[in-house]
Amino acid sequence: PAAAAAATAAAAAGAAGAAGAGAGAGAEEMAQTAKAVWLCDFVNSGVPQPEHFEVVESEVNPDDAGDGDIVVEIKFMSVDPYLRAGLKRTPESGESGRRVMSGFVSGRVVASKSADWAEGDLFGASLPFQTFQIVKNVSKQVIWKLTDLLEEKNLSHGIGVLGMTGSTAYAGVTAVLRPEEGETIYVSAASGAVGSLVGQIAKNVYGVTTIGSCGSDEKIELIKSTFGYDHGINYHKVDDKEALKKELKELAPKGLNMVFENVGGFQFDACFDSLAAGGRVAICGLIAQYNNEKFEPTSLQLSQMIYTAQRIEGFVCFPWLTGQKGNFLQDMSKWLKEGKVTGVEETFYEGIDNWAVAFKSLFEKNDNKGKVVVRI
């Protein structure tokens, strides 16, 4: 549910921007060639392959920007697991799945007809994956200013620690789980873009014992040495519910106080069975099932939650990312300066032509560490 909601919200925000990005009329000498990632058709199941996408060129004329618009150059594009849900056919999706892909990007304003934005401003946003575009009615878009928070050399953080993944970690920990010092948290996909930040916030800001799971011994070493996790579990070595429950019993004999769920499947079932009284679960994603045509039900025992006062809550990042709730940008920037969040790992793929390759890597065994970023 969290992934589907995020995909819908990002696509809606991107559609508004795409309306301006397609403009090509006007003085030919002013036109800029833009490249965009397009989905060729629906992909209902399986791992999306590069051939499911194509890069399409178009001409964009900055003179077509109207009052309240800005013209932007995209420097970095994100690939995120939640985008997988938007590739599937639904009753509302119509006959053809062909469309421009939208998601999280960061870049620079090259021209502005908005009083709130100036040429040279840096930003993060949810927009079409198009290298050069006009953002119509910028005040109504999902866009946040980064000019005073970072420099162009580390603008990739605008789709990471100071973007969607950072606000997801922030919201899940601070608002959903609400840790207390001395508690224990389990984080699935702990070496990923969100999980790596969850562990640092939980441990360094709230004084929580952290247990993270990932898919190799190398990544276990990474989450301990770089992200500060207290314990790591290689889920390929505890590959069923009972084996994981046994491991969790050894690491957290009094049970888990919190679970930050990114994966689903047997990991969720084992963690739920290991949840202590008063335990909380933040449902962020279910990457184990994104490539299935239909989601499989979990073996959730609701009766367990009554007298133990346990809580499960799903969420999406947008209210925190846009400043409607909390103080994400201010708090995260402060934690970065204080050294409470220091491990900001990124894996770069070069060029928009490799966007589909980067996206595919999310769903297969890979060497990705931290946030996966496409550098334009």
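Look up a bit, the structure's there.
From a predicted model like this one, the values you see are computed outputs, not experimental measurements.

Asker: Before we go on, may I ask you to explain the packing of aromatic side chains in this structure?
Answerer: We describe a pair of aromatic rings using the distance from one ring centre to the other and the angle between the two ring planes. Across all of its chains, the model carries 14 aromatic pairs by this definition. Taken together, a centroid distance of 6.2 Å and an interplanar angle of 50 degrees make the contact between Phe104 and Trp144 tilted. You can see Phe104 sitting in strand E5 (residues 102-112) and its partner Trp144 sitting in strand E8 (residues 143-145), a full 40 residues away along the chain. By relative accessible area, which is 5% here, Trp144 ends up buried. Look at Trp117 and Phe123: their rings are 6.4 Å apart centre to centre, the planes differ by 85 degrees, and that puts the pair in the edge-to-face class. Both residues of the pair, Trp117 and Phe123, belong to the buried class. Through pairs of rings, three or more aromatic residues link up here, namely Phe53, Phe129, Trp355, Phe359 and Phe363.

Asker: What am I meant to see in the packing of helix H2 (residues 164-177) against helix H8 (residues 328-338) here?
Answerer: The geometry of a pair of packed helices is captured by two quantities: the angle between their axes and the separation between those axes. Look at H2 against H8: their axes get within 10 Å of each other, and the N-to-C directions meet at 95 degrees. Classed by the angle they form, the pair H2 and H8 counts as roughly perpendicular. On H8, the residues that touch Gly166, Ser167, Tyr170 and Thr174 of H2 are Phe328, Asp331, Met332 and Trp335. For the contact of H2 with H8, the class distribution of residues is 4 nonpolar, 3 polar and 1 charged.

Asker: Explanation requested: the nonpolar core in the structure shown.
Answerer: The biggest cluster of nonpolar side chains holds 81 residues, and the ones touching the most others in it are Phe53, Phe123, Ile185, Phe260, Met332, Trp355 and Phe359. Judged by nonpolar contacts, the second largest core, of 17 residues, contains Ile233, Leu256, Phe272 and Val281.

Asker: Explain the pairing of strand E9 (residues 184-187) to me, please; I cannot follow it from the model alone.
Answerer: The two faces of the sheet receive side chains in turn, since in a regular strand these alternate between them. Burial of the side chains of E9 extends over both faces: Thr184 and Tyr186 are buried on one face and Ile185 and Val187 on the other. Handedness of the E9-helix H3 (residues 195-206)-strand E10 (residues 209-214) crossover: right-handed. In this structure, E9 lies alongside strand E12 (residues 256-261), joined through 3 bridges in parallel fashion. By the bridge assignment, Ile185 is partnered in E12 with Met258.

Asker: What exactly am I supposed to notice about the pattern of salt bridges here?
Answerer: Opposite charge on two side chains permits pairing when their charged atoms draw close. Across all of its chains, the model carries 20 salt bridges by this definition. Of the charged contacts in the structure, one is a salt bridge between Lys136 and Asp69, with a shortest N-O distance of 3.3 Å. Taken as a pair, Lys136 in the loop between strand E7 (132-135) and E8 and Asp69 in the loop between strand E2 (53-60) and strand E3 (70-78) lie far apart in primary sequence, 67 residues in all. According to the relative accessible area criterion, Asp69 is buried, its value standing at 3%. A salt bridge links Lys153 to Glu151, with the shortest nitrogen-to-oxygen separation between them at 3.7 Å. A network of salt bridges, in which partner residues are shared, links Glu73, Lys75, Arg108 and Glu152.

So, how was this worked out
- Every chain is numbered independently, its residues counted from 1 as its sequence is written.
- Predicted model: local features are reported for residues with pLDDT of at least 70 only, side-chain atom pairs are reported and counted for 80 or more only, and whole-chain, interface and lining totals are derived from all residues.
- Note that the side-chain values use all heavy atoms of the structure and ignore hydrogens as well as water.
- Working definition: a ring pair exists when centres of Phe, Tyr or Trp rings (six-membered ring for Trp) sit within 6.5 Å. Plane angles under 30 degrees give stacked, over 60 give edge-to-face, the rest tilted.
- What counts as a helix is a DSSP run of H or I of at least four residues, what counts as a strand is a run of E of at least two, and both are numbered from the N terminus.
- A 1.4 Å probe rolled over the protein chains alone gives each residue an accessible area, and that area as a share of the maximum for its type sets the label: buried under 20%, exposed over 50%, partly exposed in between.
- Fitting a line to C-alpha atoms yields each axis, with helices limited to the stretch in contact; the angle taken between N-to-C directions then spans 0 to 180 degrees.
- Should an angle fall under 35 degrees it is called roughly parallel, over 145 degrees roughly antiparallel, and 65 to 115 degrees roughly perpendicular, with every other angle called oblique.
- In what follows, a contact means two residues having at least one pair of non-hydrogen atoms within 4.5 Å.
- Gly falls in the polar group here, along with every residue not listed as nonpolar (Ala, Val, Leu, Ile, Met, Phe, Trp, Tyr, Cys, Pro) or charged (Asp, Glu, Lys, Arg).
- Grouping buried Ala, Val, Leu, Ile, Met, Phe, Trp, Tyr and Cys residues that are joined through side-chain atoms within 4.5 Å yields what is termed a nonpolar core.
- Crossovers are marked right-handed if the path from the first strand over the helix to the second runs clockwise, as seen with the strands pointing away from the viewer.
- One bridge is not enough; two strands pair if DSSP finds at least two bridges between them.
- Any carboxyl oxygen of Asp or Glu within 4 Å of a side-chain nitrogen of Lys or Arg constitutes a salt bridge here.

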